[in-house]
Every structure is written in structure tokens, then in C-alpha cells.
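Structural characterization, general
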Amino acid sequence: MEVVQMQRRFVEYAASLFREGFLDGQFTQLQQLQDESNPDFVVEVVSLFFEDSEKLLNDLSRALDQQNVDFKRVDSHVHQLKGSSSSIGAQRVKNACIAFRNYCEEQNTDACLSCLQQVKQEYSLAKSKLETLFRLEQQILTAGGSIPIMME
Amino acid sequence: MESCDCIDPPWPGDELLMKYQYISDFFIALAYFSIPLELIYFVKKSAVFPYRWVLVQFGAFIVLCGATHLINLWTFGMHSRNVEVVMTTAKVLTAVVSCVTALMLVHIIPDLLSVKTRELFLKNKAAELDREMGLIRTQEETGRHVRMLTHEIRSTLDRHTILKTTLIELGRTLSLEECALWMPTRTGLELQLSYTLRQQNPVGFTIPIQHPVINQVFSSNRAVKISPNCPVARLRPLAGKYMPGEVVAVRVPLLHLSNFQINDWPELSTKRYALMVLMLPSDSARQWHVHELELVEVVADQVAVALSHAAILEESMRARDLLMEQNVALDLARREAETAVRARNDFLAVMNHEMRTPMHAIIALSSLLQETELTPEQRLMVEAILKSSSLLATLINDVLDLSRLEDGSLQLENGTFNLHALFREVLYLIKPIASVKKLFVSSSLAPDLPEFAVGDEKRLMQIMLNVVGNAVKFSNEGNISIFAFIAKSESLRDSRAPDFFPVHSDNHFYLRVQVKDSGAGIDPQDISKLFTKFAQCQSLAARNSGGSGLGLAICKRFVNLMGGHIWIESEGLGKGSTAVFIVKLGIPEYSNESKLPFFPKVSANHCQTNFPGLKVLVMDDNGVSRSVTKGLLVHLGCDVTTVSSADDCLRVVSQEHNVVFLDVCMPGVDGYEVAIRIHEKFTTCRQGPLLVALMGNTDRVTKENYLRVGINGVVLKPVSVDKMRCVLSEVLEHRFLFETC
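Residues numbered from 1 in each chain as written. Chains lettered and ligands numbered in written order. Predicted model: local features only at pLDDT ≥ 70, side-chain atom pairs only at ≥ 80, totals over all residues. Heavy atoms only, no water.

The name an unreviewed UniProt entry assigns to chain B is Ethylene receptor, from the organism Vitis vinifera. On record in UniProt, under Sequence similarities (unreviewed entry), the comment for chain B is "Belongs to the ethylene receptor family." Reading the Subcellular location (unreviewed entry) entry of the UniProt record for chain B gives the comment "Endoplasmic reticulum membrane". (UniProt positions renumbered as here; feature names shortened; annotations may be inferred.)

As annotated in an unreviewed UniProt entry, chain A is Histidine-containing phosphotransfer protein from Vitis vinifera. Checking UniProt for chain A, the heading Function (unreviewed entry) contains the comment "Functions as a two-component phosphorelay mediators between cytokinin sensor histidine kinases and response regulators (B-type ARRs). Plays an important role in propagating cytokinin signal transduction."

Structure (C-alpha cells):
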């Protein structure tokens with residue numbers, strides 16, 4: 001069956017995301033919150049995340065570009081980013097943020113910059129992966145199947 | 001003819017002759033007259049006399065003869081002419097009548113003679129009949145004796161009494177001197193003197209059975225006369241000059257049920273006989289009469305029958321006693337077994353509860369422990385504890401279930417349940433183990449799968465957990481996928497299940513679940529052993545993962561109870577395996593739907609499952625997490641308002657709000673302060689909403705501090721649906737929540 005194959009592909013892809021640490025259990029929780037009354041919950045939240053994160057990353061870049069880096073501010077941004085990413089289960093982003101925060105406490109600019117790079121990288125990876133995932137989901141839905149529920 | 005002229009002379013010398021003639025004639029006449037009188041007299045007396053006419057004739061003849069002689073008397077002297085005339089007439093008449101009579105007699109005498117012959121014949125016949133009657137009488141006598149004997153013999157069923165009575169009665173009836181009975185010994189090679197009439201205690205002579213006389217007697221069923229010198233007949237020392245009486249011997253067949261089993265001794269005939277010897281009194285010159293011999297034969301037969309009856313009765317009594325004993329023993333055994341089963345069931349019921357409670361406590365606390373901050377070694381230890389205790393719990397459950405399944409006391413508890421929710425719950429429950437092994441579990445339910453079904457929810461859950469658990473157990477990497485759909489009739493008939501005949505009906509459907517894993521796989525040879533109790537695959541992986549081997553056996557029982565079938569396919573070792581089961585579930589009536597809760601109860605925790613209309617305020621500055629939390633609460637049915645700052649929170653919060661969730665790791669915001677200020681807004685804590693603080697994993701703030709400022713509970717982020725559910729339940733119920741489940 002076409003749908004089953006698509007579902008299988010979706011499952012394997014999602015499994016790989018979990019396996020590689022891009023997503024964690026929180027993402028599954030989000031999936032569970034999606035039902036008939038709230039069919040696009042995950043997409044909405046993730047889109048919100050993308051928006052927020054872009055903004056935060058821009059802010060972070062700007063903040064770290066300053067001569068006198070306001071670490072408090074940086075820290076609060078990173079804190080925000082950490083919170084968002086952990087809310088949707090973007091594990092690697094979250095972990096990168098945690099590392100970032102440590103360096104913020106140390107007030108190590110260079111380390112922070114490299115962390116920022118890391119975070120950006122993780123973020124773009126996560127974004128593309130999530131977008132692929134959503135594409136696969138859409139395919140299944142248009143073919144008439146249902147989204148398999150993932151568990152970590 | 002000269003006539004005598006002397007009329008009245010004096011009697012001359014030859015007148016003597018005349019005188020004698022005269023006298024003779026007189027007497028002749030007299031006789032001749034009296035004969036007919038006699039005849040007439042006697043004929044009158046007799047009833048039958050067919051020859052009347054002859055008699056008359058004869059009478060006439062005699063009378064006339066007499067008359068002639070009478071008239072002759074007058075012719076001795078001088079007589080007149082008239083006398084002469086009368087004389088002549090009489091003579092003429094006499095002549096005529098006598099001729100006629102003579103002629104008649106020719107006919108009559110043969111007749112009379114033949115009567116005589118017939119009389120003789122009848123007499124002979126009468127004598128014969130007399131003889132026969134004598135015989136019959138003797139036979140009847142004999143019969144009477146036999147009946148009496150039989151009555152005596154049959155009036156008892158005791159072997160000894162029978163035989164003793166026989167001898168006594170025979171002795172009495174036939175007036176015997178001695179009567180003896182020889183019984184075959186156990187070996188069958190000898191005859192032993194068992195009973196005698198006169199001697200009180202027979203000494204126990206034995207005679208070998210192979211004696212010509214004995215063989216002769218045994219070969220015929222008649223009473224046989226034997227010589228008194230024969231060893232069987234020499235019971236008393238011979239008294240010397242006396243002639244011993246005749247001896248008769250007869251065989252008595254001993255009919256026995258186990259007759260024909262003694263066939264490995266060739267010299268023994270198939271029937272065993274006893275020998276009865278009867279001796280007439282010596283010096284009596286009595287002979288054995290035929291009827292006596294017959295009597296003896298009949299008695300021998302009767303004795304045989306009586307003995308066999310006694311033997312059969314003994315056997316049946318013995319058998320009945322044995323049966324009764326066995327019955328009693330069986331009854332006792334049955335009662336003991338019932339008691340044992342009841343005791344076991346009671347024990348199981350108690351142990352069920354008693355063992356599970358601490359088990360659950362251990363598991364619950366271990367999982368709680370697992371979620372706290374631990375060093376890697378501690379984590380390993382806790383994981384080991386969790387694993388072992390889960391295993392133990394499973395084992396306990398399995399053993400308890402299996403024992404109930406075995407004796408058929410398990411019955412399905414059917415009810416309507418939410419099928420989709422069941423799958424979700426299975427996934428939720430399998431999560432800890434799968435996450436430990438870094439396995440990914442996914443489930444896909446067919447769109448036409450009904451949401452509600454009628455069946456035994458608990459057992460179906462058990463089957464699913466077992467199957468999925470096995471998939472997890474035997475996989476060290478990869479993913480596990482669960483597919484569930486309604487099985488159509490073609491897919492139901494499977495070559496692997498030749499005896500599975502699904503019956504379709506309107507209110508049932510067949511649920512088919514396939515669980516595919518990418519694990520160790522199973523050797524095709526081992527597949528058949530999978531469902532047997534306690535059998536384990538020999539592969540290393542299986543041995544390492546432990547388990548009692550009961551799980552699949554129980555699953556199979558449950559699946560069969562549910563009218564379905566379960567099997568496992570695998571392409572070989574290392575290629576993963578797929579477990580498939582089909583069960584029959586009912587389609588519920590739609591009128592029942594409204595009664596059902598929308599979410600299944602989580603069994604371990606007594607959480608309320610839905611909070612309709614609960615007004616909740618969420619304060620969180622992070623947009624993403626705010627929307628996630630909101631989504632969570634909306635999913636649980638709450639009415640959610642969100643604010644992103646402390647000021648907004650204080651502005652918006654009102655008495656209508658039941659619960660307020662505060663994200664206390666917002667930078668620049670002091671969670672304590674917010675809580676205090678919220679409380680200030682309400683005159684008493686009771687009026688205000690319940691406050692729950694949301695904290696991130698890395699923040700370590702003592703919870704007591706929060707409690708002091710009136711925060712009712714603390715929750716660590718990230719929050720799952722179930723965690724949130726529990727949180728709300730607990731905090732609403734107890735107004736207090738220390739930590740989530």
C-alpha cells in the first residue's frame with residue numbers, strides 16, 4: 001500500500017531524528033496534543049518556534065557583535081531560546097543553548113561566539129529536518145492515511 | 001317202543017333204577033325251572049345285557065326242557081292219553097325251540113367270546129398303566145426330594161453350608177452309609193477330601209487326579225457306578241467280612257469366572273470338577289435304582305449351580321466393596337482437590353494483592369528516583385532495580401494469570417473501551433523501556449478502526465504489552481512499529497492457522513495488529529516453540545534478556561479466548577520479526593458512547609482525566625513554551641488564558657481562575673514575589689487560585705521556600721500530558737502537590 005509505505009518512511013525518518021538526537025520526548029508530547037480539535041497544533045507551535053528563534057538568533061548575533069557584550073542580555077536571550085527549544089523538543093538546540101549559557105556565565109566572548117555558531121548550525125539543521133518531516137506528514141495526509149504516533 | 005304195563009305194582013327189583021330215574025327227572029325239572037328264574041333275576045339286576053332275545057329263547061328252551069322232564073315223571077306209572085298228548089306237545093315245542101336256539105347260538109357265542117378277549121386286553125392295559133403310574137410316582141418322589149434338596153442347598157450362599165447340606169440331605173433321602181466330596185486342590189493336580197457325611201473332620205486325603213476311574217467319572221455327566229475298592233471310595237477301613245455297598249460317583253462342575261485363565265497347565269482341562277462319592281449301606285443288598293441315580297445327577301448339577309452362584313456373588317460382593325472403597329477414596333480425593341484448589345485460589349488472591357502492592361511501590365518509587373538528578377552509577381543501579389522489579393512484577397502477574405487460565409477459571413471481562421486510547425496507553429507504558437534502549441516505537445491505526453470496541457480491555461492491553469514488550473526486549477537498536485487495522489475475511493484465513501475459522505457477524509469485527517521490530521529475529525525452527533510455556537529460544541540474545549517464557553503462552557491463551565489467533569513471522573536470525581495477532585471485538589451500541597469517558601483512566605495513578613471548564617491562567621514569557629503549555633491544558637479541557645509578564649498576570653488574575661501556572665525561571669522576575677502579590681490580591685488563600693510553579697530542569701530551588709510563600713505545587717519542565725493531568729488532579733484534590741508523578 002502506498003500509504004503504508006509513506007507511513008513507514010515517515011516513521012523511519014522520525015526515528016532517525018530521534019536517534020540522532022534532533023528531537024526528544026517533548027516533541028512526541030506535542031504530537032499527542034494534536035487531535036481533531038487541534039489538527040495543526042504541532043505545525044503551529046513549530047512555526048512559532050522558528051519565528052521566535054530567528055528573532056532571538058539575530059538578537060544574539062547583534063549582542064555579541066557589540067564591543068561591550070552585555071552578558072546578562074545574552075544570557076536572557078539564550079535562556080529564552082533554551083526554553084523554546086526544550087518546549088518543542090529540539091534537543092540538540094537545547095543542549096547547545098545550555099553549553100552557551102555556561103560560557104555566558106564565564107563571560108567568555110570567544111567561546112560564546114563559537115557557541116552561537118553552534119547554536120545557529122543546530123537550529124538550521126533542526127529547521128530543515130522538521131520541515132522535511134512536515135512535508136512527509138502532509139503527503140500522508142493527502143493520501144488519506146493517518147500520522148503514526150511516535151514514541152521515543 | 002314198549003310201554004310199561006305195571007301200574008301199581010309193588011316196587012320190583014329193577015324198580016330201583018326206576019326210582020333213581022324218577023328222582024333225577026324230578027331234580028332235573030327243578031333245576032331246569034330254577035335256571036331261567038335265576039337268569040331272569042340276575043338279568044333284571046344287571047344294567048347292560050344286550051342279548052334279551054337270546055335269553056328269552058334260552059329261557060323258553062330250558063322251561064320246555066324242564067316241563068318235558070316234569071311230565072316224564074307222570075309216565076313212570078300208568079298214565080292217561082292226555083298226559084301223553086301234553087308230553088308230546090311239550091317235546092315237540094322243546095324240539096322246535098332248542099333247534100332255533102342252537103341256530104341262534106351259532107351267532108352269539110363268538111360274540112361272547114370276543115367280549116372276553118377285550119376284557120383281557122383291558123386288564124393288561126390297566127396293569128400297564130398301573131406300572132407307569134408307579135414310575136411317575138417315584139419320579140415325583142424324586143423330584144420332591146430334589147426340590148427339597150435344592151431348597152436346602154440354595155437357601156444359603158455360603159459355600160460350606162451348601163456342600164454340607166447337600167451331603168446331609170442326600171444321605172437322608174437315599175439312606176446312604178457314606179457320602180463324600182472331593183475338591184480339586186489349588187494346583188489342580190490332586191483331589192482332596194473336603195467334606196464327608198459321617199466323619200466330622202476329614203483328615204485331608206489327597207489323591208492324584210489322573211486316575212482312570214476319576215477320568216471316567218469326569219468325562220461323563222452321569223452318575224457312574226464305581227468299584228468300592230477305588231481309592232476315592234475307600235474312606236473307612238474295611239470292616240472285613242462285610243460286603244461293602246455299591247458306590248456311585250458323579251462329577252460336580254465348578255464354574256468359576258476365572259476358569260479360562262488357567263491355561264498354561266496342559267494337564268488341566270478347561271473345567272474343574274469336584275467328585276461326589278455316594279455309598280450305599282454295606283450288607284443291605286440294595287442296588288442303585290435308576291431314579292436314585294437320576295436324583296444324584298440332578299443334585300450334582302444343582303450343587304454346581306449353587307456353588308457358582310455363591311462364587312459369583314462372592315466376587316460381586318468383593319467388587320462392590322472395592323468399588324465402595326474406591327468411591328470413598330475418590331470422594332475424599334476430590335474434596336481434598338477442591339480444598340486445595342480453593343486454598344490455592346485464596347492464596348493466589350491474597351498473594352495477588354499482597355505481592356503486587358509492594359511491587360508497584362518499588363516500581364513507582366524507582367521510576368520516580370530515575371527522574372531525579374543522579375550520578376551515572378546511581379542511574380545504572382536504579383535502572384537495574386527498575387528492570388528487575390518490572391520483570392518480577394511481570395512474572396508475578398504471568399504466573400497468577402497462567403494458573404487461572406490453566407484451570408479454566410479465567411473469564412473475559414467484556415466491556416466497552418476506547419481502542420485508540422488503548423494503543424496510546426500501550427505506547428506510553430512502553431516508553432521507559434524503549435527510551436532506555438534507544439528504540440523508537442511508532443504506531444499507526446487504520447482510519448476505519450472504530451474508536452470504541454467491546455472486549456476485555458485489560459487482557460487486550462496485556463497482550464499488546466506482551467507483544468510490544470517482546471519486540472522491545474529482543475531489539476537492541478532500530479525501531480518498532482505497530483500497525484492496527486480491521487482484518488478482512490481474506491486476510492483472516494491464514495495458512496499458519498489452519499484451524500482458525502473466523503465467523504463474521506454484524507456486531508463483531510476482527511482487529512489485526514502487527515508489531516514489527518528490527519531486532520534479533522527468530523530461527524524458523526524455534527517459532528513453533530515460542531508459545532509453549534517456559535520454553536526459551538536458544539539464541540544468546542534471548543537468554544540475556546531473561547524472562548520466564550510465560551508471556552507468549554499467556555498471550556496465546558488470551559487471544560484464543562478472544563476468538564482469535566496469534567503468530568510470529570521471522571525471516572531468520574538478525575532479520576527482525578513481526579508478531580501478528582487477530583482478536584474478535586464487538587462493536588458497541590452507539591447509545592453507550594455518551595457514558596464513556598473521553599480518556600482512559602491511568603491505572604497506577606488515580607488522576608482525574610478531564611477538567612472541563614477549569615479556568616487556568618498561564619504566565620510564561622517564552623512564546624513557544626506558553627503555547628505548548630496552553631495546548632496541553634486545552635487538550636485536558638481547560639479554559640486557558642495566557643499572559644507573558646508578571647504585571648499582566650497580576651492584572652488578569654481573578655477569583656474565577658482556579659489554577660495559575662507561573663513560570664518562575666523567567667529572568668528578572670522573582671517567582672516568590674509574584675506569588676506573594678497574587679495572594680495579596682485575595683483576602684484569604686482559600687479564595688485565591690491555586691498556584692503552581694513551573695521550573696526548568698536545571699534550577700535547583702528548594703521547594704520549601706515556595707511552599708512558604710503559598711505556592712501549592714512545583715512542576716519540573718518539560719511537562720507531559722499525563723504529568724499535567726496528575727498535577728491538576730492532585731492540586732485540585734489536595735490543594736497541595738509536592739512533586740508530580
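Comments concerning the interface of chain A and chain B
Contacts between the two partners involve 35 residues from chain A and, on the opposite side, 34 residues from chain B. Counting every contact that joins chain A to chain B gives 0 salt bridges. Contributions of two or more residues to the side of chain A that touches chain B are made by helix H1 (2–19), helix H2 (25–33), helix H3 (41–65), helix H4 (71–88) and strand S1 (149–151) of chain A. Residues of the side of chain A that touches chain B, tallied by class, amount to 16 nonpolar, 12 polar and 7 charged. (Contact = heavy atoms within 4.5 Å. Salt bridge = Lys/Arg side-chain N within 4 Å of Asp/Glu carboxyl O. Helix = DSSP H or I, 4+ residues; strand = E, 2+ residues; numbered from the N terminus. Nonpolar A, V, L, I, M, F, W, Y, C, P; charged D, E, K, R; others polar.)

Some thoughts on the UniProt feature "transmembrane region" (unreviewed entry) in chain B
The feature "transmembrane region" (unreviewed entry), as annotated in UniProt, sits at residues 20–41, 53–72 and 92–113 of chain B in this numbering. End C-alpha to end C-alpha, residues 20–41 of chain B measures 31 Å, and it is 100% helix and 0% strand.

Notes on the packing of aromatic side chains
Summed over the entire model, instances satisfying the criterion amount to 8 aromatic pairs over all chains. Geometrically, the ring pair formed by Phe-49 of chain A and Phe-50 of chain A is tilted, given 6.0 Å between the ring centres and 50 degrees between the ring planes. Here Phe-49 of chain A and Phe-50 of chain A have matching classes, each one buried. Centre to centre, the rings of Phe-26 of chain B and Phe-27 of chain B are 5.8 Å apart; their planes meet at 65 degrees, and the pair counts as edge-to-face. Assessed through its relative accessible area of 51%, Phe-27 of chain B is described here as exposed. (Phe/Tyr/Trp six-rings, centres within 6.5 Å; stacked < 30°, edge-to-face > 60°. Buried < 20%, exposed > 50% of the residue type's maximum accessible area, 1.4 Å probe, protein only.)

Notes on the sheet that holds strand S18 (residues 713–716) of chain B
Residue and element names in this part refer to chain B. Strand order in the open sheet made by the 5 strands is S15-S14-S16-S17-S18, with parallel pairing throughout. A single partner strand is all that each edge strand has here, and the edge strands are strand S15 (639–643) and S18. For this sheet the average axis-to-axis angle between neighbouring strands, irrespective of direction, equals 20 degrees. Inspection of the sheet shows strand S14 (residues 615–619) paired to strand S16 (residues 659–663) by 4 bridges, in the parallel sense. Bridge pairing in S16 places Leu-617 opposite Val-660. Across the sheet, helix H13 (residues 623–635) is in contact with S14, S15, S16 and strand S17 (690–695); its angle to S15 comes to roughly 170 degrees. (Pairing = 2+ DSSP bridges. Axes fitted to C-alpha atoms, helices over the stretch in contact; angles between N-to-C directions.)

Topic: the state of the cysteines
Summed over all chains, the structure comprises 0 disulfides over all chains. Cysteine Cys-115 of chain A shares no disulfide, and the gap to the nearest cysteine sulfur, in Cys-112 of chain A, comes to 6.4 Å. (Disulfide = S-S within 2.5 Å.)

Considerations on a nonpolar patch on the surface
There is a patch of nonpolar side chains on the surface, built from Leu-16, Tyr-20, Tyr-22, Ile-23, Phe-26, Phe-27 and Leu-30 of chain B and spanning about 730 Å² of accessible area. Note that Phe-27 of chain B resides in helix H1 (residues 15–45). (Patch = residues over 30% accessible without salt bridge, like charges linked within 9 Å, V, L, I, M, F, W, Y side chains within 5 Å. Areas by Shrake-Rupley, 256 points an atom, 1.4 Å probe, with all protein chains shown as cover.)

Here's the deal with the side chain of Thr-185 of chain B
Mapped onto the elements, Thr-185 of chain B comes out in the loop between strand S1 (178–184) and strand S2 (190–196). Excluding anything up to four places from it in sequence, Thr-185 of chain B contacts Glu-190, Gln-192 and Arg-272 of chain B.

Here we look at the pairing of strand S11 (residues 508–517) of chain B
Residues and elements named next belong to chain B. In terms of burial, S11 is a largely internal element, 8 of the 10 residues being buried. In this structure, strand S10 (residues 479–486) lies alongside S11, joined through 7 bridges in antiparallel fashion. Looking across to S11, one finds that Ala-484 is bridged to Val-513. As judged from the 10 bridges shared by S11 and strand S13 (residues 577–586), these two strands associate in the antiparallel manner. Across the sheet, Val-515 pairs through a bridge with Ala-579, a residue of S13.

Some points on the UniProt feature "modified residue: Phosphohistidine" (unreviewed entry) in chain A
Residues and elements named next belong to chain A. Here, UniProt's "modified residue: Phosphohistidine" (unreviewed entry) annotation points to His-79. Within the secondary structure layout, His-79 lies in helix H4. Classification of His-79 as buried rests on a relative accessible area of 13%.

Some words on the confidence of the model for chain B
Residue and element names in this part refer to chain B. Averaged over every residue, the pLDDT of chain B is 78; residues scoring 70 or more account for 81%. In this model, residues 265–269 is a region of pLDDT below 50 whose contacts with residues beyond four sequence positions or in other chains number 6 contacts. Contacts for the low-pLDDT stretch residues 538–547, under 50 throughout, to residues beyond four places or in other chains number 13 contacts. The ipTM, which scores confidence in the relative placement of chains, is 0.84 for this predicted complex, and the corresponding pTM is 0.40. (pLDDT = per-residue confidence, 0-100.)

Focus on the nonpolar core
Counting residues in hydrophobic clusters, the biggest one holds 69 residues, and the most contacted among them are Val-74 and Phe-100 of chain A together with Leu-633, Cys-638, Phe-661 and Leu-728 of chain B. Excluding residues within four positions of it along the chain, Val-74 of chain A makes contact with Leu-60, Ala-63, Leu-64, Val-69, Phe-100 and Cys-104 of chain A. Core analysis: the next-biggest nonpolar cluster, separate from the first, contains 44 residues, Leu-419, Ile-480, Phe-531 and Met-562 of chain B among them. (Core = buried A, V, L, I, M, F, W, Y, C linked by side-chain atoms within 4.5 Å.)

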